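Understanding the architecture of this molecule
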Amino acid sequence: MLVIRWLSLRVECLKMLKEGGETSAKRVAMVGMFPPPTSGAAKNNQILLEELGSDGVIVTKLATSGEGLAHKRGLHYHAQRLLTNVGVLSRILKLKRSLNSFYIVPDAGLGMLYSAIHIFFGRGKADKVFIHHRSFKYIDNVSPFMRLIVRLTRGRAIHVFLSESMGSKFEAVYGDVAKRVVSNAHYVLPNISPARDR
């Protein structure tokens with residue numbers, strides 16, 4: 001049953017990002033962290049990018065990752081992250097208005113300001129905007145930047161949550177949004193031993 005559940009989640013995630021428009025070649029811009037470093041979010045984004053590519057989707061990868069992991073972040077990291085996000089913004093501005101989907105995993109910390117800027121300029125480049133939430137940090141602690149993101153995209157974006165509960169808690173803080181649920185099981189179930197598939 002776990003394998004069947006994983007397959008259904010995979011289909012849902014890929015179908016979601018290929019929605020919009022009737023162009024023969026599906027085009028998606030993905031904004032978020034990608035390896036290196038290999039953090040959870042970066043790994044999951046890479047898996048999704050590769051799956052989209054294998055399905056014939058033309059993906060524009062816009063990596064916001066900084067060098068190093070959380071416990072090693074210092075002045076150099078933040079300076080490098082600033083330059084990286086300026087570069088991402090420059091590429092977003094150059095995107096043609098021919099995307100099916102603009103997909104972003106918002107930063108959970110102060111970097112969410114970068115996410116808000118990318119969304120502001122990227123929302124008009126695609127038929128649909130998908131905001132994939134992978135953190136409870138800004139749900140448990142209200143973020144003015146997430147309030148801004150919701151305001152900028154209300155009526156235009158689909159918010160993707162890891163569970164129904166996560167979506168409900170988000171709406172309790174930021175108001176009703178168009179939403180879908182895609183569990184992280186999509187990324188981990190293939191690694192589960194068959195002996196556990198009962």
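Scroll up for the structure.
Note that the coordinates shown come from a computational prediction; the quantities given were computed from them, not determined experimentally.

Cut-off values and rules
Residues numbered from 1 in each chain as written. Predicted model: local features only at pLDDT ≥ 70, side-chain atom pairs only at ≥ 80, totals over all residues. Heavy atoms only, no water. Helix = DSSP H or I, 4+ residues; strand = E, 2+ residues; numbered from the N terminus. Buried < 20%, exposed > 50% of the residue type's maximum accessible area, 1.4 Å probe, protein only. Contact = heavy atoms within 4.5 Å. Areas by Shrake-Rupley, 256 points an atom, 1.4 Å probe, with all protein chains shown as cover. Arc of directions from axis to C-beta.

**Focus on the overall build of the protein chain**
Within the protein chain one finds eight helices and six strands. The linear arrangement of helices and strands in the protein chain, starting from the amino end, is α-β-α-β-α-β-α-β-α-α-β-α-β-α. For the protein chain, with 198 residues in total, the buried portion stands at 45%. A fraction of 73% describes how many contacts in the protein chain between residues 6 or more apart in sequence connect residues 24 or more apart. With an accessible surface of roughly 10200 Å², the protein chain has 59% of that area assigned to carbon and sulfur atoms.

**What about helix 6 (residues 144-153)?**
Of the residues making up helix 6, those classed as buried are M146, I149, V150, L152 and T153. Down the axis of helix 6, the sector holding all buried residues measures 165°, keeping them to one side. Exposed and oriented more than 90 degrees from the buried face of helix 6 are P144 and R151. On its buried side, helix 6 packs onto helix 4 (112-122), strand 4 (126-132), helix 5 (137-140), strand 5 (157-161) and helix 7 (164-174).

Read these as geometric descriptors, not functional statements.
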